[in-house]
Amino acid sequence: MAVRLTSVLLGVVALHCTLPCAAELYRVVDQNGKPVADAAVHFDDRQPATGSDLHTIAQIDKEFVPRFSLIRAGTVVDFPNQDRSRHHVYSFSSAKSFELELYHGETSEPVRFPDAGIVTLGCNVHDWMIGWIYVVSGTPVGLTDERGYIEIPAIDAPESLSIWHPHALAPMTVLMQPDSANRTLSLNMQETVLLPERPATTHTRRRRSVRSE
Amino acid sequence: MSNSFQVRLTALCVGLVLIPGLIVIVGVLGETRDDALRSANVRMQSSEVVLTRLLDTRADMLTNSVNALAADFGFRQAVATQESDTIASMLINHGARIQADVAMFLTVDGNVVSSTAELADSELFPFASLLSLSGTDVNRTAIIPLHDQLYQVVVSPVMAPQHIGWLCIGFTVDDVLALELARLSGVEVAFFSEDARRSTMIYASTQRVAAESHLATVEDTSDSGWLTHQFSIDDTADVSVLAQLPLETVLLTYRRVRKNIIGLFGFLTLVSIGLSSALARRITRPIRRLVDAVGRIRGGDYGADAYGAIAIEHGRDEFGLLASTLDEMRKGIASRETQIRRQASYDALTGLLNHRELMQKLSKNGGIPDGVLLCIRLKRLGEINEALGREFGDQVLVAAARRLKARLPDTDLIARVGSVDLAVFRASATGADVEGMGTVIREAVATPERIDGVSAELLATIGAAVSPAHGSDADTVFRRSLIALSNAELENKSLVTYQNGQDEDRRRRLAIANDLRAAIASDALHMNYQPKVDFETRECHAVEALIRWQHPRLGFVSPDQFVAVAENSGLIGQLTRWMLDAVARQLSEWDDTGLKIDVAVNLSARDLESAAILTLLEDTLDRYSLRPNRFVLEVTESAVIHETQRAARILKELGDRGFRVAIDDFGTGQSSMAQLGSLPVHQLKIDKSFVLAMDGNNTATRIVRAMVELAHSMDLKVVAEGVETLGMWNTLAQMDCDVAQGYLLSRPLPAGQVSGWISKNTPALDQDIERTGVFREMASASS
């Protein structure tokens, strides 16, 4: 692990050195080499969290859209309801615990997320609805795509980079080296994760265990 | 016999009804029982499915409740606080809503955060298998023991909305649940487990006691009174379910049916026995009646018409036929018996009574009635049979019988008692009637009759016996009439009446004949010797050997009697042999003592019939080294006369060999002088009847004198027998008689006394005979 970590850092450094202003394509995989989608990547301390960004997480067809959001700490998130049924959005997460009781349309108050952490969103009316907000204090880089790829801007000097995922055993922080040739970031993921599943019909509710991809 | 047939018939009928019934009943009952057991077993097998299904359904219901609880927003909110006190309160509060007996909350990793049941610190969550995250259809329910309690446990993940922990709710599996399951499944239910030491833990049971007692012997299913089926309900815990059915319940219907059927069968048995025995009695009744009727036939009662009644009653059926057949048999037997009786009583040829029937008739009143019994022998009938054939002889006999029947009164009993013997009994007749009856019978028999052109003539010899004079029973009288008949034949008379004593003579002769052989063999006979005295010299030169027999029972037996018996019974040869041997031995003894006398022995006429006598005599002499001239062989006149030719030859032979021959009892026979002259004879012995009859110059005296002179003229010596008085002696001496023998001189003496007598008397004889005391003594003794 140490070796790999070193090589990744070396790769990041190398990339950062040769192409100071360009971005490098990285890939995030789990311990089995499988790509990890929707992992949040951000630099920890490049810039302090400032400003009041706005972010919108709509509820469309009884799903959070987008399902994964990456925001800087202090961002205000609006939860517009585009469904005809009411939603009751809540979070019991320690980073931000809140509750938007049954509401229609744009009637809910926007929520501000001042603290870094992963906030899990749920709906008390629709148990299968789940969404995550990565609230980071550094500079967000982005979310990995379905194949685990993400473009990370080149760096000049070693920098601390964090990769979060709700199903990771723990958030990973790496010290990226400008010259590192390693473009693969490995994340230790839970083997199985139990997720609420949307029922095919309203009167059967079965919980399925879903293997995280 | 008919009784046992009746019993068998009853048994057969009963058996015909009951045995198939029994077979059917056994079959039906067996099948019913098997079926009850089979369907009970099926029920037991399906009880597993039913119970599993019931438990699954309950699990589903409980799962729904638990899931609803896990999804409760307030609950999730409280859990999300991660405050253990709050969580514990929630578990108690929300668990009570769904009547949970145990509630626990666990982390995603399965660590117990809070529990209503007390768990030791080190204790891990006991139902870890339910927390699987993998698979799509994870079973989150189980029936699991915890702290000696059995729980149906349901685990539900708590999603907020991501998976934040587990809610685990347990519902007690207790007797109440067991009862509910039993009610639904229809079998008794017990939940139990067996640990490694095979001790059984029962968590819940409908019949705790029964289950416990059964569980002790869970393998044994047949005798315990329970049908059991054991199965496992959960792979994760060693808890088994025991489904049970009491046999009593299973076999309830079967037993009721069996009881009813057995009762019914018992009733049927009684009814069939009753009906069968009535039927059997009815069937065997004619048989019994026939047996009675046959029994009467056996008893000799042929008149019974029992068969007729049976035959009419039964018509042409088997019993009717049997009855009429028996009736014909009865008639046949009756007529045959009459015939047989007739044949048994009557002579088939002549139609006269037979001997047996005559005897029966005469003995009818215990003894023979007074009357005369005549036995008639038909002489010549045997000759007629021989000459003209038996058939002709039979016709002659039949004709004679017919004539006899015609001439005798009907009251006379006429019988055929032998092949040529008839008998006639006339009741109330006496001895005076015998002659008259004899005459009638003789004439009847002797009347000539022509048969097939041949005239046959019979003669009757008749023996008569009179009752009661000659006997009081039929057998005796008949036997005595036969004695009279044989006497008549012997005496050549046509009619002889039995004289009392003849029967005794006959018996005596029989006893003599019986004992003589033994007497000869055992030397019971002995010889006496009577001296013979010469008239001229008055000396004794010879003795006559006389055989004597002292019978142990009959006393003295006269030689005349037993010699005659010996002659008739073929013992004469042995007798002669014995006598000659005894005499020769005696003679030899006398020779040894110096007594020189000759001996005269008497030979039987039979001895002269064969030349064997020559050999016998010579052998005897040889044995004792004697010469023949010491013997005088005395032969009776009649013996010589009847067998002249052969006897003469033998006598001559004897003479040639040196024996002297004397004619004994001379004068009693009818010998001619010519015959006498031709015989080789040396002496004549004048029969004592002549000597004893001499008186003066009477006829006897003259005959004796003539005989003496005749003998002398033929050069024969004369011996006079029966000299008993001195007068006789003198008369005979005067006639020149040669030798005297008689009581005047001496009675026959035992051998031992002969020598004494001769030495005592011979000198005296030399002197005056008149003075001889012995002579006088003898004379007086003989008179």
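Parameters at a glance
Residues numbered from 1 in each chain as written. Chains lettered and ligands numbered in written order. Predicted model: local features only at pLDDT ≥ 70, side-chain atom pairs only at ≥ 80, totals over all residues. Helix = DSSP H or I, 4+ residues; strand = E, 2+ residues; numbered from the N terminus. Buried ≥ 20, exposed ≤ 12 C-beta atoms within 10 Å, placed from the backbone. Contact = placed C-beta atoms within 7 Å. Pairing = 2+ DSSP bridges. Right-handed = clockwise from strand over helix to strand, strands pointing away. Expected span 1.5 Å × (residues − 1). Arc of directions from axis to C-beta. pLDDT = per-residue confidence, 0-100. Axes fitted to C-alpha atoms, helices over the stretch in contact; angles between N-to-C directions. Parallel < 35°, antiparallel > 145°, perpendicular 65-115°, else oblique. Nonpolar A, V, L, I, M, F, W, Y, C, P; charged D, E, K, R; others polar. Left-handed = near helix turned anticlockwise from the far one by under 90°.

## Brief notes about the overall build of chain A
Alright, step 1. From N to C terminus, chain A includes one helix and 19 strands.
Alright, step 2. Burial status across chain A gives 41% buried among its 213 residues.
Alright, step 3. Counted over contacts in chain A with a minimum sequence separation of 6, partners at least 24 positions apart contribute 63%.

## Quick notes on the overall build of chain B
Alright, step 1. Secondary structure assignment for chain B yields 26 helices and 27 strands.
Alright, step 2. A total of 783 residues make up chain B; the buried ones form 34% of that total.
Alright, step 3. Contacts in chain B between residues at least 24 apart in sequence constitute 63% of all its contacts with a sequence separation of at least 6.

## Here's the deal with the pairing of strand β16 (residues 459-467) of chain B
All names here are of chain B.
Alright, step 1. With respect to burial, β16 is a largely interior element, eight of its nine residues being buried.
Alright, step 2. Summarising the sheet, strand β11 (residues 371-379) and β16 pair through nine bridges and their orientation is antiparallel. By the bridge assignment, Ile376 is partnered in β16 with Ile462.
Alright, step 3. Bridge count for β16 against strand β17 (residues 495-497) is three bridges, and the pairing is parallel. Looking across to β17, one finds that Gly463 is bridged to Val496.
Alright, step 4. Handedness of the crossover joining β16 and β17 through helix α14 (residues 474-490): left-handed.

## Observations regarding helix α17 (residues 572-593) of chain B
All names here are of chain B.
Alright, step 1. The first and last C-alpha atoms of α17 sit 31 Å apart over 22 residues, in line with the 32 Å expected at 1.5 Å per residue.
Alright, step 2. Buried residues of α17: Ile572, Leu575, Thr576, Met579, Leu580, Val583, Ala584, Leu587 and Trp590, and no others. Down the axis, α17 shows its buried residues gathered within 155° of arc, on one side only. For α17, exposure combined with an orientation more than 90 degrees from the buried face picks out Asp592 and Thr593.
Alright, step 3. Just downstream of α17 lies Gly594, where phi reads positive at about 90°.

## Some details on α14 of chain B
All names here are of chain B.
Alright, step 1. A rise of 1.5 Å per residue sets the reference length of α14, with its 17 residues, at 24 Å; its end C-alpha atoms lie 24 Å apart and thus fit the reference within 8%.
Alright, step 2. Along α14, the positions that sit buried rather than exposed are Ala474, Val477, Phe478, Arg480, Ser481, Leu482, Ile483, Ala484, Leu485 and Ala488.
Alright, step 3. The elements touched by buried residues of α14 are α10 (355-362), β11, β16, β17 and α15 (502-521).
Alright, step 4. Looking one or two residues past α14, Asn492 carries a phi angle of roughly 60°, positive in sign.

## Side note on the confidence of the model for chain A
Residues and elements named next belong to chain A.
Alright, step 1. Residue-level pLDDT values for chain A average 80, and 81% of them are 70 or greater.
Alright, step 2. Segment residues 1-20 is flagged for pLDDT under 50; beyond a separation of four residues in sequence, or across chains, it makes 50 contacts in the model.
Alright, step 3. Segment residues 202-213: pLDDT under 50, and 25 contacts once partners within four positions in sequence are set aside and those in other chains are kept.

## Topic: the packing of α14 of chain B against α15 of chain B
All names here are of chain B.
Alright, step 1. Packing of α14 against α15 brings their axes to within 10 Å, and their N-to-C directions diverge by 80°. The pairing of α14 with α15 is recorded here as roughly perpendicular in orientation. Residue-level contacts link Arg480, Ile483 and Asn487 of α14 to Gln502, Asp503 and Arg506 of α15.
Alright, step 2. Partitioning the contact of α14 with α15 into residue classes produces one nonpolar, two polar and three charged.

## A word on the packing of α15 of chain B against helix α16 (residues 559-569) of chain B
All names here are of chain B.
Alright, step 1. Direction vectors running N to C along α15 and α16 enclose 70°, while the axes themselves pass 9 Å from each other. By the angle between their axes, α15 is roughly perpendicular relative to α16. In the packing of α15 onto α16, the handedness of the crossing is right-handed. Touching Arg509, Ile512, Ala513 and Leu516 of α15 are Gln561, Phe562, Val565, Ala566 and Ser569, all from α16.

## Some remarks on the confidence of the model for chain B
Residues and elements named next belong to chain B.
Alright, step 1. Looking at chain B as a whole, its pLDDT mean stands at 82, while 90% of the residues score no less than 70.
Alright, step 2. Low pLDDT (under 50) marks residues 216-221, which in the prediction has five contacts with non-local residues, meaning those over four places away or in another chain.
Alright, step 3. This prediction of the complex comes with two scores: 0.47 for pTM and 0.77 for ipTM.

## Some points on the sheet that holds strand β13 (residues 139-143) of chain A
Residue and element names in this part refer to chain A.
Alright, step 1. Read from one edge to the other, the open sheet built from four strands follows the order β13-β2-β15-β16, with strand pairing classed as antiparallel. Since the sheet does not close on itself, it has two edges, and those belong to β13 and β16 (172-176), each with one partner. Each strand of the sheet is rotated relative to its neighbour by a mean of 25°, with strand direction disregarded.
Alright, step 2. Summarising the sheet, strand β2 (residues 40-43) and strand β15 (residues 159-164) pair through four bridges and their orientation is antiparallel. Bridge pairing in β15 links Phe43 to Leu161.

## Digging into the sheet that holds strand β9 (residues 98-103) of chain A
Residues and elements named next belong to chain A.
Alright, step 1. With mixed pairing, five strands are arranged side by side in an open sheet as β6-β12-β11-β8-β9. Looking at strand neighbours, the two that pair on one side only are β6 (68-72) and β9, the edges of this open sheet. Put simply, the sheet's adjacent strands are angled 20° from each other on average, direction ignored.
Alright, step 2. As paired strands, strand β8 (residues 87-91) and strand β11 (residues 117-123) are joined by two bridges and run antiparallel to one another. Within β11, the position partnered with Val89 by the bridge is Cys123.

## Let's talk about the environment of Gly438 of chain B
All names here are of chain B.
Alright, step 1. Turning to its location among the elements, Gly438 is positioned in helix α13 (residues 434-446).
Alright, step 2. Residues Gly438 and Ala464 lie 26 residues apart in sequence; the distance between their C-alpha atoms is 8.7 Å.
Alright, step 3. Beyond its immediate stretch of four places on either side in the chain, Gly438 contacts Leu374, Ile462, Ala464 and Leu495.

## Concerning the environment of Val89 of chain A
All names here are of chain A.
Alright, step 1. Residue position: Val89 is located in strand β8.
Alright, step 2. For the pair Val89 and Glu101, spaced twelve residues apart in sequence, the C-alpha separation works out to 6.6 Å.
Alright, step 3. Contacts of Val89, omitting those with residues within four sequence positions, involve Phe79, Leu100, Leu121 and Cys123.

## Thoughts on the environment of Trp578 of chain B
Alright, step 1. Along the chain, Trp578 of chain B turns up in helix α17.
Alright, step 2. Placed 52 residues apart in sequence, Trp578 of chain B and His526 of chain B show a C-alpha to C-alpha distance of 9.7 Å.

## Observations regarding unusual backbone geometry
Alright, step 1. Here the residue pair Val65 of chain A and Pro66 of chain A is connected by a cis peptide bond, since its omega of 0° sits within 30 degrees of zero.
Alright, step 2. For Pro66 of chain A, the location among the structural elements is in the loop between β5 (63-65) and β6.
Alright, step 3. Of the consecutive residues Ser467 of chain B and Pro468 of chain B, the connecting peptide bond is found in the cis state with omega at 5°.
Alright, step 4. A positive phi angle, close to 80°, is found at Arg380 of chain B, a residue other than glycine.
Alright, step 5. Locating Arg380 of chain B in the fold gives a position in the loop between β11 and α11 (381-388).
Alright, step 6. The phi torsion at Ser428 of chain B lies on the positive side, around 65°, for a residue other than glycine.
Alright, step 7. Mapping Ser428 of chain B onto the fold places it in the loop between β13 (421-427) and α13.

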